[in-house]
Amino acid sequence: MVNYKERKQRFFEEFEKKEDIYLFLRSNFSGNKRMKIKYDVEERELFINEFVDAGQRVIVVTPEGYEPGTNGMIIVYGLVQKYFEVELRVVENLGPGYFSCEVHSGRKATTGRADIRFKVNADDVSATNFRISKHTIDVSMFTIPTSIKVILDQFEVQHRALYDVLEVGLLNGSQDPVINSIRRSGKTLFVEDYSKSESFVPMNDDFVDLKDVYGNDFAQYVAKSKEKGYKSAITVPLMYINDAEQSLPFAYITMISKSKILTFEDVISMKEKTFKLIDRIRDANTVFLEAKQQIIDISKGGARLRIDNADLKMAMLKTKGFVFDIVFRLQAPITVYGEIKFTATDEDKNVIIGVSFAGNSSRKDEMKRFYEIMQPMELEYKKRLLLQMKGRTGAK
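A. Spatial organisation of the confidence of the model for the protein chain. In this model, the protein chain carries an average pLDDT of 83, and 86% of its residues clear a pLDDT of 70 or more. Confidence scores differ between elements of the protein chain, with strand β1 (residues 3-6) showing the lowest mean pLDDT of 50 and strand β12 (residues 189-191) the highest of 94.

Here it is in structure tokens:
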């Protein structure tokens, strides 16, 4: 028994009529052209041996050992420009691997890959060096694990004595207009000298414009800051880089001086500290597993992996995606982020995972090199397909 779980739903356009599905199959899959059987761990295929216009039925041929599910449905899928699925209901078992089916339903993906996915040998390519987040950090909902909050608290304690005022906080639930502006924009606040009007002009577009933030209340903001004895202020965002290489602000560090002027060099210094802090957060929130795992098939847009490592199995079932290295024979590793589309468990308790490649690689020009490796492999696969089709045609 193989159990599948879809992680990310595709966007589909349903065929309006069964007749449309029947004509689609007839136009694209006459002549014993193969389609894959969905949710079949043995990756078996079938072909349509006969089209019966009366009742819009098809006679399909599968490998002899194949048995439809308990609901009597066979789901086939493939690529005709884009991904499609068709559900066939078995109405009569004509013999081993021989079924009369009626067209039940069908759908075509409105988006998705059009890349050819093909099987690969374990000696040619494998997956390794898995980096998986222990906890999901949802910065949009500001769901931050306690372990990361502890790291932020430790940073505040270690640096508090260096400034008259130091505050480290999350960018959620604040009533402060500046903090809300930083949350939306990811920009930095820098006021070098509260006594000079030119200090409120942002250096460039990477800095907060306090006049825009406060509007008519700007003069009141400046007056209150001076009343508190502020000379200079810096607020920098903490930008969390998620597994998909997206940079998102989730926290901030505010430094206020009442005794000396803070300079642009202080801004650079604190930004460098935030980079180290983010590295520490990522390291604390990441599991690294070096296990070598099988890549069953691959395309330019994704891959299917067979996971047999016990620690990886546990981690995969809890995460939305992960970073890993694809290692082609005689090539340096290529680092990618895989967003999990579906998971399955085969009869040997291995976890089968379908991933799409998302985000940006952490190494320069990695994906360009990946495409360059894949291109000749795709061409070779297409040649084999053509030879197989010619062989089937000649055997008739």
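B. The arrangement of the nonpolar core in detail. In terms of nonpolar packing, the biggest core is built from 31 residues, with Phe-130, Ile-298, Leu-305, Phe-322 and Ile-326 touching the most fellow members. Of all the elements in the fold, those that place two or more residues in this core are β10 (125-133), β16 (293-298), β17 (302-307), α7 (310-316), β18 (321-328), β19 (334-345), β20 (351-358) and α8 (366-394). Leave out the neighbours within four places in its chain, and Phe-130 touches Val-287, Phe-288, Leu-289, Ala-291, Gln-293, Leu-305, Ile-307, Leu-312, Met-316, Phe-322, Val-323 and Phe-324. Of all hydrophobic cores here, the second largest spans 24 residues; its members include Ile-144, Tyr-240, Phe-250 and Leu-277.

C. Local environment of the side chain of Thr-128. Topologically, Thr-128 is positioned in strand β10. The class of Thr-128 is buried, set by a relative accessible area of 12%. Only 2.6 Å separates the side chain of Thr-128 from the backbone oxygen of Glu-290, close enough to count as a polar contact. Other than its neighbours up to four places away in sequence, Thr-128 contacts Glu-290, Ala-291, Lys-292, Phe-324, Asp-325 and Val-327.

D. Quick look at the pairing of β16. The buried fraction of β16 is high, at five of six residues. Pairing geometry for β10 and β16, over two bridges, is antiparallel. Its bridge partner lying in β16, Ala-127 is registered against Gln-293. As paired elements, β16 and β17 share four bridges and run antiparallel to each other. From the neighbouring strand, Ile-295 faces β17, where its bridge partner is Leu-305.

The rules behind each value
- Residues numbered from 1 in each chain as written.
- Predicted model: local features only at pLDDT ≥ 70, side-chain atom pairs only at ≥ 80, totals over all residues.
- Heavy atoms only, no water.
- pLDDT = per-residue confidence, 0-100.
- Helix = DSSP H or I, 4+ residues; strand = E, 2+ residues; numbered from the N terminus.
- Core = buried A, V, L, I, M, F, W, Y, C linked by side-chain atoms within 4.5 Å.
- Buried < 20%, exposed > 50% of the residue type's maximum accessible area, 1.4 Å probe, protein only.
- Contact = heavy atoms within 4.5 Å.
- Polar contact = N/O pair within 3.5 Å; in protein donor to acceptor, adjacent residues only side chain to side chain.
- Pairing = 2+ DSSP bridges.

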